[in-house]
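Working through the structure, step by step
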Amino acid sequence: MRKNILLLALFACGCALWAAPAPSRPVGSAPIKRGFTALKSGNITDPIWTQTLADGTTPPRVDRKLRPGEGDDVSIGGPDTTITIAVPISVNFYQHRGNRVRTAIKEGGALKTNGTTGLRGVKPMVGTYSMTGGSMEVENIFYLAGCGPMEDPTCTFEQSGGTLTLVNTALNITGPFPLTCSPNAVGVYNFSGGTINLLCDIPNPERVGVRKGVGKGTFNWTGGVLNAKHLSEGITNAGGRLSPGGEGVVGETTLVSDIPQTYIQQPNGILSIDIAGRNRFDRLVWKDKTNNSTVRLEDGTTIAVNYLKDYKPSGNLSFQIVQANRIAGGDRLRLEGNAAKDFSYEIIPDGPNAGLRLVYTPGKGGHRVQSN
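Here goes a summary of the coordinates provided. Please read these numbers as outputs of a predicted model, since none were measured by experiment. Within each chain, residue numbers correspond to sequence positions counted from 1 in written order. Owing to the predicted nature of the model, reporting of local features is limited to residues with pLDDT of at least 70; listing and counting of side-chain atom pairs is limited to 80 or more, with chain, interface and lining totals taken over all residues. By convention in this description, side-chain values take in all heavy atoms of the structure and omit both hydrogens and water.

1. Focus on the overall build of the protein
To qualify as a helix, a DSSP run of H or I must reach at least 4 residues; to qualify as a strand, a run of E must reach at least 2; elements of each kind are numbered from the N terminus. The number of helices and strands found in the protein is one helix and 31 strands. Throughout, radius of gyration means the C-alpha value; the globule benchmark is 2.2 Å times the number of residues raised to the power 0.38. In summary, the protein has a C-alpha radius of gyration of 22 Å against a globular reference of 21 Å for 372 residues, a match within 12%. Along the first, second and third principal axes, the C-alpha set of the protein runs to 75 × 40 × 30 Å. Per-residue burial for the protein yields a buried fraction of 55% across its 372 residues. The contact criterion used is simple: two residues touch if any of their non-hydrogen atoms lie within 4.5 Å. Taking contacts inside the protein between residues at least 6 apart in sequence as the whole, the part at least 24 apart equals 67%. Throughout, the Shrake-Rupley method with a 1.4 Å probe supplies accessible areas, and for residues the shown protein chains are the sole cover considered. Summed over its atoms, the accessible surface of the protein is roughly 15,500 Å², and 51% of this surface lies on carbon and sulfur atoms. When a residue's accessible area, from a 1.4 Å probe over protein chains only, is under 20% of the maximum for its type it is buried; when over 50% it is exposed; and in between it is partly exposed.

See below:
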């Protein structure tokens, strides 16, 4: 396993070094056609590009005929360069290579790429990604900072809107591999709005979830909807919405970890639960291999409960929406949503059935019931 991880790390970083005429590329990606470097600010389809030559050098002038497209590798050379993405575009790889460079994804923009290694370079550099609308879909590789062992940049991703979708990769805030990624890289992901979809369904801790990496990685979650099939590290919901399956879709968020992790939901955080049937409802499953992981629900935090497709429970029903090794807090939760009036809640702090149950109390919801 260790050998495979190392090979994957070397492969992932190597594939982004597109200056060579025939670089390595991830399995399943389109054949690499050309490498592009932006020499000045503008929209991604503007004449702002130069093409990397076979010897790895970059011509100093813009070629007005060049436009990047599917299969091409794109780099923002800078310095002090801002690229705006407000139209759909597909490329093979996308990354920053200059100091004080910025990518702005706006409404109407749709960046689709096989991978991104965020900001790269061995000199002290800073870079920013800003998403206020539109979308970004990454198939196989997402590192925000610190791909190589000597690369110590600082890169920040500001998401206040739009949708980031990662298909077969974790959201790595810094490089994930101790032997090949820098421990001094700094990555910051500020998530205050929009949606993040983490769709990788391979239950491997190194492939899923939001991962701080081996550098100095920080994930600040103060708003927005997080839909994750799997998480692999502890996370704090300080004002966002954890929605297994996404809003209006039944799904499950499962912890995949070899060591204990903690999910913390603070007073402004929301766990969003859709119920479509007796056995069809959202779940948070928070258990690790050592059976020591914890869900901590602080007083005043919210459980949003919504019926889907005109479903209406009947009889003496309960729905265990959180399954955990242990659960802490939950003394005073708020219930909201179109089903809130019909449910009370029960906290089982530990034991084989530890977690949080919604208890069907039609028309009399919103209070805590005592465990049997």
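2. Regarding the pattern of salt bridges
Should a side-chain nitrogen of Lys or Arg be within 4 Å of a carboxyl oxygen of Asp or Glu, the pair is scored as a salt bridge. Inspection of the entire model under this criterion finds nine salt bridges. Salt-bridge contacts for Arg-100 lead to Asp-80; the nearest nitrogen and oxygen are separated by 2.6 Å. Placement of the pair is Arg-100 in the loop between strand E6 (88-96) and strand E7 (101-105) and Asp-80 in the loop between strand E4 (73-76) and strand E5 (82-85), with a sequence separation of 20 residues. Here Arg-100 falls in the partly exposed class, since its relative accessible area comes to 42%.

3. Quick notes on the side chain of Thr-174
Among the secondary structure elements, Thr-174 is positioned in the loop between strand E12 (171-172) and strand E13 (186-198). With relative accessibility at 0%, the residue Thr-174 sits in the buried group. A 3.5 Å cut-off defines polar contacts: any pair of N or O atoms within that distance qualifies, except that in protein one atom must be a possible hydrogen donor and the other a possible acceptor, and neighbouring residues in sequence count only when both atoms are side-chain atoms. Among the polar contacts made by the side chain of Thr-174, one reaches the main-chain carbonyl oxygen of Lys-212 at a distance of 2.8 Å. Engagement of the side chain of Thr-174 in a polar contact is seen with the backbone nitrogen of Gly-215, the distance being 2.9 Å. In contact with Thr-174, other than residues within four places in its own chain, are Ala-145, Ala-185, Val-186, Gly-187, Arg-211, Lys-212, Gly-213, Val-214, Gly-215, Lys-216 and Gly-217.

4. Considering the environment of Leu-335
Within the secondary structure, Leu-335 is located in strand E28 (residues 334-336). Under the relative-accessibility criterion, Leu-335 is labelled buried at 17%. If sequence neighbours within four positions are ignored, Leu-335 has contacts with Ile-303, Val-305, Ala-340, Phe-343, Tyr-345, Leu-358 and Gly-366.

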